[in-house]
Amino acid sequence: MATATLFGVPHHYELTENSEATPLVFIHGWMLSRQYWQPLLPHLAESHPCLCYDLRGFGQSRHQLEQYRPGLPAAAEALQSSPSPYGLAAYARDLAELLRQLQLGPVWLVGHSLGGSIALWAAHCYPGPVKGVICLNAGGGLYLDREFRQFRQVGKAIIRWRTSWMRHLPPLAWAMTRASVVQPLAYRWGHQRLVDLLDADADAALGSLLESTTEPEVHLLPRLVSGLRQSVYFIAGDQDSVMDLKFVHHLAGYLPSAQTGETAVIPIADCGHMAMLEQPQAVAQAILEQVAQPSPTPSALF
């Protein structure tokens, strides 16, 4: 494991370098960490360099947040995106700086759930280093007031009532093996989900939740997607209870390629919201097939 300091905050990452092919960069979802990409790496790391990192405030990148130097990409300011240090554009800025420091680019971004939105923002704000985007269990762009209010209330309650002793309750870890999936996960993943939920920085967890689910931010996603010139694909669980397949199709419908009748949505059968854990081989195969497709030529790096 290595560390890169991005705008004052140490970020932990892992990078495999067994190939000269286009690197794959993995961005985890809300209250998760880089650990969840491990099941994919045996299928991908031999053919592509793979970068997994912990978002600021999550996993092992949750220390020294008070030293963060806020700022937004000019492209985000032009769209009047959230100025919060925990907004999607701010996390996209962190990612671009990580790629710059590691001298990686052009790359394919693979983002899960919230990470998918961050990947789309990074492709919009920093088109040079981003060759393409694959959103996993991610979609949206349609604001449903009651559903979003409930989602935020539940999220705030989880953050508020977390206590460290919960990690020592096996029933909670067992419950996490069944949350938002079709078939129960192995116990180690339930325990990992519980640990990441309990360890996430409260300000980052609450800030990223609230900033990414406001009505203006939700409505910005279709505008971003419609203007992207990179290749974009959506891999989705056909039984995802968190990001329903219809909302994935909704956002994918704004891609320029959708106007010609092309489909960018790849459904994974018998799969819920944690596709990389539930169906790692199918997800890895879908990723390899999409990155092998011809892509538009990116602009000059950075």
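Residues numbered from 1 in each chain as written. Predicted model: local features only at pLDDT ≥ 70, side-chain atom pairs only at ≥ 80, totals over all residues. Heavy atoms only, no water.

Draft legend 1. Looking closely at the pattern of salt bridges. Applying the stated criterion across every chain, the model contains eight salt bridges. The salt bridge partner of Glu 14 is Arg 34, with a shortest N-O separation of 2.7 Å. Highlighted residues: Glu 14 in strand S2 (residues 9-16) and Arg 34 in the loop between strand S3 (24-27) and helix H1 (41-44), separated in sequence by 20 residues. On the accessibility criterion, Arg 34 (3% relative accessible area) is buried. Three or more residues are tied together by salt bridges with common partners; here these are Glu 14, Arg 34 and Asp 54. (Salt bridge = Lys/Arg side-chain N within 4 Å of Asp/Glu carboxyl O. Helix = DSSP H or I, 4+ residues; strand = E, 2+ residues; numbered from the N terminus. Buried < 20%, exposed > 50% of the residue type's maximum accessible area, 1.4 Å probe, protein only.)

Draft legend 2. Structural detail: the packing of aromatic side chains. Considering all chains together, one arrives at six aromatic pairs under this definition. Seen from their ring centres, Tyr 36 and Trp 189 are 5.6 Å apart, and the 35° between their planes marks the pair as tilted. In this pair, Tyr 36 sits in the loop between S3 and H1 while Trp 189 sits in helix H7 (residues 187-199), placing the two residues 153 residues apart along the sequence. Residue classification places Tyr 36 among the buried residues on the basis of a relative accessible area of 0%. When the centroid spacing of 6.3 Å and the interplanar angle of 20° are considered together, the rings of Trp 108 and Tyr 233 count as stacked. Placement of the pair is Trp 108 in strand S5 (residues 107-112) and Tyr 233 in strand S7 (residues 231-237), with a sequence separation of 125 residues. Classification of Tyr 233 as buried rests on a relative accessible area of 15%. In this arrangement the basic side chain of Arg 56 is found over the ring face of Tyr 91, its NZ or CZ atom lying 4.5 Å from the centre. (Phe/Tyr/Trp six-rings, centres within 6.5 Å; stacked < 30°, edge-to-face > 60°. Lys NZ or Arg CZ within 6 Å of the ring centre and 35° of its normal.)

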